[in-house]
Amino acid sequence: MSFHARLLRDTAAERGELVSIPIIQGCLRGEVSQDSYLAFLTQAYHHVRHTVPLLQACRARVGSSRPAWLTDALDEYVEEERGHDEWILDDIAACGGDSDAVRRGTPGHATEVMVAYAYDTIARGNPLGFFGMVHVLEGTSVSLALMAADRIQANLRLPDAAFSYLRSHGTLDQEHTAHFELLMDRLDDRADQDAIVHAARAFYRLYGDVFHSLPLPRATTAVAPATARAA
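Being a predicted model, the structure only gives us computed values, none of them experimental. (Residues numbered from 1 in each chain as written. Predicted model: local features only at pLDDT ≥ 70, side-chain atom pairs only at ≥ 80, totals over all residues. Heavy atoms only, no water.)

> Is there a simple way to explain the overall build of the protein chain in this structure?
When helices and strands are tallied, the protein chain shows 13 helices and zero strands. Mapped from its N terminus to its C terminus, the protein chain presents α and β elements in the order α-α-α-α-α-α-α-α-α-α-α-α-α. When the accessible area of the protein chain is evaluated, it comes to approximately 10,600 Å², of which 53% is carbon and sulfur surface. (Helix = DSSP H or I, 4+ residues; strand = E, 2+ residues; numbered from the N terminus. Areas by Shrake-Rupley, 256 points an atom, 1.4 Å probe, with all protein chains shown as cover.)

If you want it as structure tokens, here you go:
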């Protein structure tokens with residue numbers, strides 16, 4: 001069995017628990033509120049803005065102790081992830097939210113804990129455990145992001161500009177997960193593999209806590225886009 005196949009198998013239960021969270025299931029049924037979507041974007045900003053610093057920290061810890069193909073892959077991830085936090089702020093503004101307040105604000109407790117665990121994994125444990133977070137966030141995007149964007153937009157009638165993060169990540173992460181699978185299958189050290197599986201299990205629970213912290217979606221009547229309301 002390839003390592004990527006093992007990773008999927010050994011984290012299947014945790015992934016199932018994440019997908020079953022009420023706010024996710026409600027969204028997929030079309031039970032959406034603008035408050036819930038803005039809350040999701042707010043917390044997304046507060047963890048996505050750490051993606052590049054986390055990748056750089058992982059790259060620094062790995063250093064010259066690993067093969068060049070691995071450090072090259074981390075460098076590529078850094079370049080690909082730059083600016084994604086700004087997409088989220090643009091989406092918030094397109095929804096009529098206060099993107100400046102989000103930028104100046106602080107994350108919710110669950111988001112802060114998830115980010116702190118990522119930094120701790122890199123600094124105190126096996127830095128490749130960070131790939132467990134990559135697996136959880138990108139895998140969730142591929143499975144849910146595009147479908148969720150369609151459901152939210154259809155219900156709330158928000159403009160396309162309010163979905164750059166979900167739609168771009170849903171599409172980009174389809175490419176990333178294929179690349180991620182190839183990358184994982186090149187890792188042949190059992191200690192590295194175990195660290196990634198352990199971290200992925202933890203990140204499924206921690207990311208689940210972020211969703212549990214959001215206001216529950218509710219069926220709503222459609223609202224006019226922010227631009228129309230302001231007219």
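Once the structure has been displayed, the description carries forward.
> Just to check I follow, could you spell out helix α1 (residues 3–10) for this structure?
Since one α-helical turn is 3.6 residues long, residues separated by three or four positions face the same way. Buried residues of α1: Phe-3, His-4, Arg-6, Leu-7 and Asp-10, and no others. End-on view of α1: buried residues confined to an arc of 160°, all on one side of the axis. (Buried < 20%, exposed > 50% of the residue type's maximum accessible area, 1.4 Å probe, protein only. Arc of directions from axis to C-beta.)

> How should I be thinking about helix α9 (residues 109–124) in this particular structure?
Under the 1.5 Å per step criterion, the end-to-end length of α9 is 21 Å for 16 residues, consistent within 8% with the ideal 22 Å. Buried within α9 we find Ala-110, Thr-111, Met-114, Val-115, Ala-118, Thr-121 and Ile-122. Seen end-on, α9 carries its buried residues on one side only, within an arc spanning 140°. Away from its buried face by more than 90 degrees, α9 exposes His-109, Ala-123 and Arg-124. (Expected span 1.5 Å × (residues − 1).)

> Would you explain unusual backbone geometry in this entry?
In most cases, non-glycine residues show a negative phi, while peptide bonds are predominantly trans. The phi dihedral of Arg-157 is positive, around 55°, even though this residue is not glycine. Tracing the chain through its elements places Arg-157 in the loop between α10 (130–156) and α11 (164–184). Since its relative accessible area comes to 54%, Arg-157 is described here as exposed.

> I keep staring at the environment of Ala-13 and nothing clicks. Help me out?
For Ala-13, the position within the fold is in helix α2 (residues 12–19). The exposure class assigned to Ala-13 is exposed, which follows from its relative accessible area of 54%. With 188 residues separating them along the chain, Ala-13 and Arg-201 place their C-alpha atoms 8.8 Å apart.

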